[in-house]
Amino acid sequence: MKKITKLSDKQLERYSRQIILEKIATKGQIKIMNSKILILGCGGLGTTAATYLAMAGVNRIGILDFDNVSLSNLNRQILFYENDIGKKKVDVLSSKLKNINSKINVEVFPIKLNSKNYKKFIKNYDYLLDCTDNFKSRYLINDICVENKKILVSAALYNFEIQVFSFKAWSKKKFPCYRCIFPFSEKNLKGINCNEMGILSSVAGIGGTLQANTVLNIILDESDYYFENFVIYNTEKNTSTNITIEKDIKCSVCKI
């Protein structure tokens, strides 16, 4: 895919409301458009994040999910409609994203991620968004990102609470990885997901929006802040808490 170095008149018009922001300007918009982001999971988080990244102009978006659209998805997974039930999530989402922004490249992976198949496509992306809903997948995605030196933005939903993490654990600056915060355990592997504990539509939407916003901020300004802190947002009380995180020097994956 050819790297963008200059914006056309139509691109300047399309992204004009972003470009007038001092932090973005033309230079920042070109950074956004040259970014390559892989979204793992097309649920409440993934569909929302993908929507805003397409609108922002991310020129290469990969979406991975092996599931089909079901009726129970429609309360929180935007861009899926009743007439999409039974269809592959990645195919439906890809089509809808292209309707939003026909100029972007969307790659679909209708597969279940495992420790072997990621090697076929991981090299094509710089940023990964973990939009899954279970510890097993999060551990796997974390380990893949550490091994392949990919920036990871992960989010988790718990009732009315949203947790957002950014990881660059392979950096020489001794940033932590996901396992530093949540050490591997059999208890975690059996952790509940939104199918078992429930989720409000707006909470999933806010979570996906926070993920998209976080990765865009990292693209524009790769500050250490994002990799040293994680955010807990309580949507019921409208409060947020920032927690400083440190690398576990005994971590089995990213230890020094």
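You'll find the structure just up there.
The structure presented is a predicted model; accordingly, all values stated were derived computationally and were not measured.

### Some words on the sheet that holds strand β6 (residues 161-167)
- The strand order across the open sheet built from eight strands is β3-β2-β1-β4-β5-β6-β7-β8, with neighbouring strands paired in mixed fashion. The two strands at the open ends of the sheet, each matched to only one other strand, are β3 (105-109) and β8 (239-244). Going from strand to strand, the sheet's axes swing by 15 degrees on average, the running direction of each strand aside.
- Here strand β5 (residues 151-158) runs beside β6; their pairing, made up of seven bridges, is antiparallel.

### Looking at the pattern of salt bridges
- Applying the stated criterion to the full structure yields six salt bridges.
- Taking the shortest distance from any N to any O, the salt bridge between lysine 96 and aspartate 84 comes out at 2.8 Å. Of this pair, lysine 96 sits in helix α5 (residues 89-100) while aspartate 84 sits in the loop between β2 (60-64) and α5, and the two are twelve residues apart along the sequence.
- Assessed through its relative accessible area of 15%, lysine 96 is described here as buried.
- Here arginine 179 makes a salt bridge to aspartate 143, at a shortest N to O gap of 2.7 Å. With a gap of 36 residues between them, arginine 179 in helix α7 (residues 178-181) and aspartate 143 in helix α6 (residues 135-148) connect regions that are remote in the sequence.
- When its relative accessible area of 21% is taken as the criterion, aspartate 143 is described as partly exposed.
- Among the charged side chains, a network of salt bridges with common partners joins Asp84, Lys87 and Lys96.

### Some remarks on the packing of helix α4 (residues 44-56) against α5
- Their axes nearest at 9 Å, the elements α4 and α5 cross at an angle of 30 degrees. One finds that α4 runs roughly parallel with respect to α5. Every pair of crossing elements has a handedness; the one defined by α4 and α5 is right-handed. Contacts between α4 and α5 involve Thr47, Ala50, Thr51, Ala54 and Met55 from the former and Leu93, Leu97 and Ile100 from the latter.
- Here the residues of the contact of α4 with α5 sort into six nonpolar, two polar and no charged.

### Overview of a positive patch on the surface
- Together, Lys10, Arg14, Lys98 and Lys103 give the surface a local cluster of positive charge.
- Mapped onto the secondary structure, lysine 10 falls in helix α1 (residues 9-14).
- Look at lysine 10 and you get exposed, because its relative accessible area is 70%.

### As for the state of the cysteines
- By the definition in use, this model includes zero disulfides.
- Looking at the unpaired cysteine 180, the closest cysteine sulfur is the one in cysteine 254, lying at 3.4 Å.
- Since its relative accessible area comes to 13%, cysteine 180 is described here as buried.
- Summary of cysteine pairing: cysteine 251 is not part of a disulfide, and the nearest cysteine sulfur, belonging to cysteine 177, is at 3.6 Å.
- Since its relative accessible area comes to 3%, cysteine 251 is described here as buried.

### Some thoughts on the pairing of β3
- Judged from the five bridges that link them, β2 and β3 form a sheet pairing that is parallel. Within the sheet, the bridge partner assigned to isoleucine 61 lies in β3 and is valine 106.
- For the handedness criterion, the β-α-β arrangement of β2, α5 and β3 is classed as right-handed.

### Observations regarding the packing of aromatic side chains
- Applying the stated rule across the entire model yields 13 aromatic pairs.
- Considering the side-chain rings of phenylalanine 135 and phenylalanine 182, the 5.7 Å spacing of their centres and the 70 degrees angle between planes classify their relative orientation as edge-to-face. Note that phenylalanine 135 is positioned in helix α6 and phenylalanine 182 in the loop between α7 and α8 (186-189), a separation of 47 residues in sequence.
- Assessed through its relative accessible area of 16%, phenylalanine 135 is described here as buried.
- Measuring from centroid to centroid gives 5.8 Å for tyrosine 225 and tyrosine 226, while their planes differ by 75 degrees, and the two rings are edge-to-face.
- On the basis of relative accessible area, tyrosine 226 is assigned to the buried category, the value being 16%.
- Members of the aromatic cluster, connected to one another through ring pairs, are Phe135, Tyr139, Phe165, Phe167, Tyr178, Phe182 and Phe230.
- We note lysine 96 situated over the ring of tyrosine 81; from NZ or CZ to the ring centre the distance is 3.7 Å.

Cut-offs used in this document
Residues numbered from 1 in each chain as written. Predicted model: local features only at pLDDT ≥ 70, side-chain atom pairs only at ≥ 80, totals over all residues. Heavy atoms only, no water. Pairing = 2+ DSSP bridges. Helix = DSSP H or I, 4+ residues; strand = E, 2+ residues; numbered from the N terminus. Axes fitted to C-alpha atoms, helices over the stretch in contact; angles between N-to-C directions. Salt bridge = Lys/Arg side-chain N within 4 Å of Asp/Glu carboxyl O. Buried < 20%, exposed > 50% of the residue type's maximum accessible area, 1.4 Å probe, protein only. Parallel < 35°, antiparallel > 145°, perpendicular 65-115°, else oblique. Left-handed = near helix turned anticlockwise from the far one by under 90°. Contact = heavy atoms within 4.5 Å. Nonpolar A, V, L, I, M, F, W, Y, C, P; charged D, E, K, R; others polar. Patch = residues over 30% accessible without salt bridge, like charges linked within 9 Å, V, L, I, M, F, W, Y side chains within 5 Å. Areas by Shrake-Rupley, 256 points an atom, 1.4 Å probe, with all protein chains shown as cover. Lys, Arg positive; Asp, Glu negative; His and termini not counted. Charge placed at Lys NZ, Arg CZ, Asp CG, Glu CD. Disulfide = S-S within 2.5 Å. Right-handed = clockwise from strand over helix to strand, strands pointing away. Phe/Tyr/Trp six-rings, centres within 6.5 Å; stacked < 30°, edge-to-face > 60°. Lys NZ or Arg CZ within 6 Å of the ring centre and 35° of its normal.

Bear in mind that shape data such as this cannot, by itself, settle questions of function.
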